[in-house]
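Close look at the chain arrangement
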Amino acid sequence: RGEFVFADLADAGSTREAALKCLEVSANNGVNILVNNAGVALLSELNSALISDWDTTMAVNLRSPFVMAQVLAPSMNERGGGKIINVSSVAGLRALREHGAYCASKGGLLMLTKVMAAEYGPLNIQCNAVCPTVILTDMGQQVWGEEKKSAPMLARIPMARFGQPYEVADLVAFLASPAASMINGQQIAVDGGYSAI
């Protein structure tokens with residue numbers, strides 16, 4: 001049985017309320033897995049970037065995972081542990097033109113994941129980050145759908161293709177499972193070799 005909890009992750013108060021609602025609706029079983037997978041990509045060159053786009057990107061991509069974990073980790077601790085999986089991006093590992101705010105937010109999320117691992121690890125809460133390349137979700141299609149934009153990126157991926165959502169989901173499912181109980185503080189790329197070269 002599942003419950004839907006809606007939030008405006010650009011708003012810290014709404015994010016906190018959503019996390020508290022998750023605790024409320026799962027009171028019997030608790031929350032033991034948190035996957036921070038929301039993200040926005042508001043692209044522009046640095047000199048033409050809007051402050052409002054920068055702030056929205058940081059709020060959704062970086063602050064909301066912090067708020068969600070801050071609210072939910074104490075409950076995980078009370079129940080003996082848990083898992084926090086942050087979906088970052090290879091854009092947190094490698095710079096991309098017109099992705100200033102996005103790269104900064106995803107790079108920040110990688111460091112936040114390491115701090116979470118250091119602070120929550122002793123509580124038996126494993127915290128890891130997944131770093132996909134372009135994944136052909138609606139957002140991926142919107143940003144990379146034009147051949148003029150996608151061709152140079154594809155040329156940098158040894159497997160010469162973009163990823164599919166299930167390829168990220170399978171890794172997240174593994175990290176959320178008991179099989180990954182000794183994996184903590186890691187950033188795992190799902191990128192067809194992009195970050196290897």
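Residues numbered from 1 in each chain as written. Predicted model: local features only at pLDDT ≥ 70, side-chain atom pairs only at ≥ 80, totals over all residues. Heavy atoms only, no water.

Assignment of secondary structure puts Asn 61 in helix H2 (residues 51-78). A C-alpha to C-alpha distance of 22 Å links Asn 61 and Pro 74, two positions 13 residues apart in sequence. Each residue touching Asn 61, except ones within four places of it in the same chain, is listed here: Ala 38, Gly 39, Val 40, Tyr 102, Ser 105, Lys 106 and Leu 109. One polar contact links Asn 61 to Ser 105, side chain to side chain, over a distance of 3.1 Å. (Helix = DSSP H or I, 4+ residues; strand = E, 2+ residues; numbered from the N terminus. Contact = heavy atoms within 4.5 Å. Polar contact = N/O pair within 3.5 Å; in protein donor to acceptor, adjacent residues only side chain to side chain.)

Quick look at the pattern of salt bridges now. Scanning the model with the defined rule gives 4 salt bridges in all. Note that Glu 45 and Arg 97 form a salt bridge whose closest N and O atoms lie 3.5 Å from each other. Residue Glu 45 is found in the loop between strand E1 (33-36) and H2, and its partner Arg 97 is found in the loop between strand E2 (82-87) and helix H3 (100-120); the two are separated by 52 residues along the sequence. Here Lys 149 ties to Glu 98 by a salt bridge, and the two come within 3.5 Å at their closest N and O atoms. Remark: Glu 98 occurs in the loop between E2 and H3 and Lys 149 occurs in helix H5 (residues 147-155); sequence separation between them is 51 residues. (Salt bridge = Lys/Arg side-chain N within 4 Å of Asp/Glu carboxyl O.)

Here the focus is the packing of helix H1 (residues 12-25) against H2. Contact geometry for H1 and H2: axes closest at 9 Å, N-to-C directions at 30°. As judged from the angle between their axes, H1 and H2 are roughly parallel. With respect to the hand of their crossing, H1 and H2 are arranged in right-handed fashion. Contacts between H1 and H2 involve Ala 12, Thr 15, Arg 16, Ala 19, Leu 20, Cys 22 and Leu 23 from the first element and Arg 63, Ser 64, Val 67, Met 68, Gln 70, Val 71, Leu 72 and Ser 75 from the second. Looking at the contact of H1 with H2 residue by residue, the class counts come to 9 nonpolar, 4 polar and 2 charged. (Axes fitted to C-alpha atoms, helices over the stretch in contact; angles between N-to-C directions. Parallel < 35°, antiparallel > 145°, perpendicular 65-115°, else oblique. Left-handed = near helix turned anticlockwise from the far one by under 90°. Nonpolar A, V, L, I, M, F, W, Y, C, P; charged D, E, K, R; others polar.)

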